[in-house]
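Architecture and fold: a report
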Amino acid sequence: MTAAASLGTPPDRAPTIRVTAMPADANAYGDIFGGWLMSLMDSAAGLTAARRSRGRAVTIAMDGMQFHAPVHVGDEVSVYAQIEKIGRTSIAIQVESWARDRHGEESRKVTEARFIFVAIDEDRRPREVPPVA
């Protein structure tokens, strides 16, 4: 674990996605592929963007991806997504991933990044994000 890794308590809300890291998701050393974790984070942010935009939304950027600690086979990975900013057609979402050993109680923040989504219509053109109902 790196010095930047954050041990402690994950956000005080339900995770957007929670999964167990499996052997097929790992490299030869038993550490989970960074791309697998990025995919989970993009999926969590996508669920959040689609729900808020009430329709299809696509990833257009990812900022500040940081890996703080490795994820190992068997770890429970919880991904938390929170809307940071809403523009006319875009939504910025902050995403954190936390891992917990399957037999332990202590969690550690393993990654974080900011994802930008654009709401699109059926013709795949940008559309306005509707106001909160």
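Described below are features of the structure shown in this document. (Residues numbered from 1 in each chain as written. Predicted model: local features only at pLDDT ≥ 70, side-chain atom pairs only at ≥ 80, totals over all residues. Heavy atoms only, no water.)

Another aspect to go through is the overall build of the chain. Helix and strand counts for the chain stand at 1 helix and 6 strands. Seen in sequence order, the chain has helices and strands lined up from the N terminus as β-β-α-β-β-β-β. Along the three orthogonal principal directions, the C-alpha set of the chain runs to about 45 × 30 × 25 Å. The proportion of buried residues among the 133 residues of the chain is 43%. Working note: accessible area of the chain is about 7500 Å², and carbon and sulfur atoms make up 51% of it. In the chain, the 16 positive side-chain charges and the 17 negative ones have mean positions that sit 7 Å from each other. (Helix = DSSP H or I, 4+ residues; strand = E, 2+ residues; numbered from the N terminus. Buried < 20%, exposed > 50% of the residue type's maximum accessible area, 1.4 Å probe, protein only. Areas by Shrake-Rupley, 256 points an atom, 1.4 Å probe, with all protein chains shown as cover. Lys, Arg positive; Asp, Glu negative; His and termini not counted. Charge placed at Lys NZ, Arg CZ, Asp CG, Glu CD.)

Tracing the backbone through its elements, the reader meets H68 in the loop between β3 (57-67) and β4 (76-86). Here the side chain of H68 touches E112 through a polar contact of 2.7 Å, side chain to side chain. (Polar contact = N/O pair within 3.5 Å; in protein donor to acceptor, adjacent residues only side chain to side chain.)

Another point: the side chain of R100. Position of R100 among the secondary structure elements: in strand β5 (residues 90-100). In this structure R100 comes out as buried when scored by relative accessible area, which is 18%. Aside from chain neighbours lying at most four places away, what touches R100 is D75, E76, E105, E106, S107 and R108. (Contact = heavy atoms within 4.5 Å.)

For the rest of this paragraph, the subject is the environment of G46. Tracing the sequence through the fold places G46 in helix α1 (residues 34-53). Judged by its relative accessible area of 16%, G46 is buried. C-alpha separation for the pair G46 and A133, spaced 87 residues apart in sequence, amounts to 20 Å.

The next thing to look at is the pattern of salt bridges. Enumeration over the complete set of coordinates arrives at 9 salt bridges. The closest approach of N and O atoms between R100 and E76, which form a salt bridge, is 3.0 Å. One end of the pair, R100, is in strand β5; the other, E76, is in strand β4, and 24 residues separate them in sequence. Residue classification places E76 among the partly exposed residues on the basis of a relative accessible area of 22%. (Salt bridge = Lys/Arg side-chain N within 4 Å of Asp/Glu carboxyl O.)

By themselves, these are just geometric observations and shouldn't be taken as functional.
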